[in-house]
Amino acid sequence: MIDLPDFPWDRLTPLKELAGSHPEGIVDLSVGTPVDPVPALVRQALADASDSPGYPLTHGTERLRAAAAGWLRRRHGVTVDQADVLPLIGSKELVAWLPTLLGVGPGQRVVFPELAYPTYDVGARLAGAEPYATDGLLSLGPERVPLVWVNSPSNPTGKVLPAEHLRKVVAWARERGAVIASDECYIELGWEERPVSILHPDVCGGSHEGLLAVHSLSKRSNLAGYRAGFVTGDPALVRRLLEVRKHAGMIVPGPVQAAAAAALDDDGHADEQRARYAARRAALRPALEAAGWKIDHSVAGLYLWASNGADCWSQVRELAEKGILAAPGDFYGPAGASHVRIAVTATDERISAAVRRLQ
Ligand SMILES: Cc1ncc(COP(=O)(O)O)c(C=O)c1O
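What counts and how
- Residues numbered from 1 in each chain as written.
- Predicted model: local features only at pLDDT ≥ 70, side-chain atom pairs only at ≥ 80, totals over all residues.
- Helix = DSSP H or I, 4+ residues; strand = E, 2+ residues; numbered from the N terminus.
- Expected span 1.5 Å × (residues − 1).
- Buried ≥ 20, exposed ≤ 12 C-beta atoms within 10 Å, placed from the backbone.
- Arc of directions from axis to C-beta.
- Contact = placed C-beta atoms within 7 Å.
- UniProt positions renumbered as here; feature names shortened; annotations may be inferred.
- Pairing = 2+ DSSP bridges.

A. Region of the structure containing helix α8 (residues 235-248). Its 14 residues place the ends of α8 20 Å apart at the C-alpha level, agreeing with the 20 Å of an ideal helix rising 1.5 Å per residue. Turning to α8, its buried residues number three or more, namely Leu237, Val238, Leu241, Leu242 and Arg245. The buried residues of α8 all sit within an arc of 135° when viewed along its axis, so they share a single face. Projecting away from the buried face of α8 at angles above 90 degrees are the exposed residues Ala236, Glu243 and His247. Considering only its buried residues, α8 is in contact with β2 (85-88), α4 (91-101), β6 (179-183), β7 (211-216) and β8 (229-233). Immediately downstream of α8, the backbone of glycine 249 shows phi near 75°, a positive value.

Structural data, given as structure tokens:
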């Protein structure tokens, strides 16, 4: 049996019931799941591609790969060859399987941030490798590690790693032959700071050697239900991943590939969605502050990383008594024990309800 952690959300069920007992219903801000409509042009592209009897390509259609490369160039100043784009069945799939796909295994450490999306740890365990959470690569000493995850903007903290910091991580990894996988699923959601990709020339000096950037359409385009993302970067690494993924049947359905291409080609819907989140964040943040919560980091992404100084589970309870459900910070690592993560992914009506309840 693989030693996996308990699925943390199950521990939240009693507090979810408490929040649900509020007479005006729960405001669930514990998960980052999109609630706004799938853009019409994306639904149309899915429908138009629905007559799809044959097997899709694991490498994806040229149309999808060109759209992904075009989006990276247009929005993020990153140039990749479309041959080096590989579609994903949502980015969580790659986070969970990348160590395995790269052949990382027992006796090796997979490194990820101290406060992090739990699936980096799971991916290390699925490969039989050792999960290692640290924000200080120097703590590894001279040890060679095969894989380092970075995540900017961060889930859960909303922190952005500046280009200078990322440059140092790249230099460190290149000296030791480590692969850096950069989870960039919130890259379009910078507020006070602008996130930069690991593949940007200011970070990597123009060479993508040893680097992978992982992207998701879930948040940008409200496509969490479609399962659509992609990975790109070092051509040799992408080729290796493609070979294994072909054998393993890790194929994005054809209609979803068509929908993802339409989403990546269009910026209008993403700008509209960004504006919705900006407004919700602008309403919720001062309401939390007025109620005694301090917001740390949170300069990008979909979460407010908040603390009123108490233990995270007491804070979750305090909010649940007002009918608001937040995620306890210790879901993301012991360093989160005095924070809660509050998502801005609820409808305008529910965010207004939360603001009223905090007053
Ligand atoms: C940091 C991070 N990475 C990856 C994912 C997975 O996203 P998806 O599988 O929908 O692309 C999430 C989802 O919330 C996330 O927060």
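Having seen the structure, we can now continue with the description.
B. Expanded view of the UniProt feature "domain: Aminotransferase class I/classII large" (unreviewed entry) in the protein chain. Listed under "domain: Aminotransferase class I/classII large" (unreviewed entry) in the UniProt record, and renumbered for this structure, are residues 26-358. Taken as a whole, residues 26-358 contains 39% helix and 15% strand, while its terminal C-alpha atoms sit 13 Å from one another.

C. Molecular detail of the pairing of strand β5 (residues 147-151). Most of β5 is tucked away: five of the five residues are buried. Going residue by residue along β5, you find Leu147, Trp149 and Asn151 tucked away on one face and Val148 and Val150 tucked away on the opposite face as well. Note that strand β3 (residues 109-112) and β5 share two bridges and pair parallel. Bridging across to β5, valine 110 finds its partner in leucine 147. Alignment of β5 against β6, held across five bridges, turns out to be parallel. Pairing of tryptophan 149 across the sheet is with alanine 181, part of β6.

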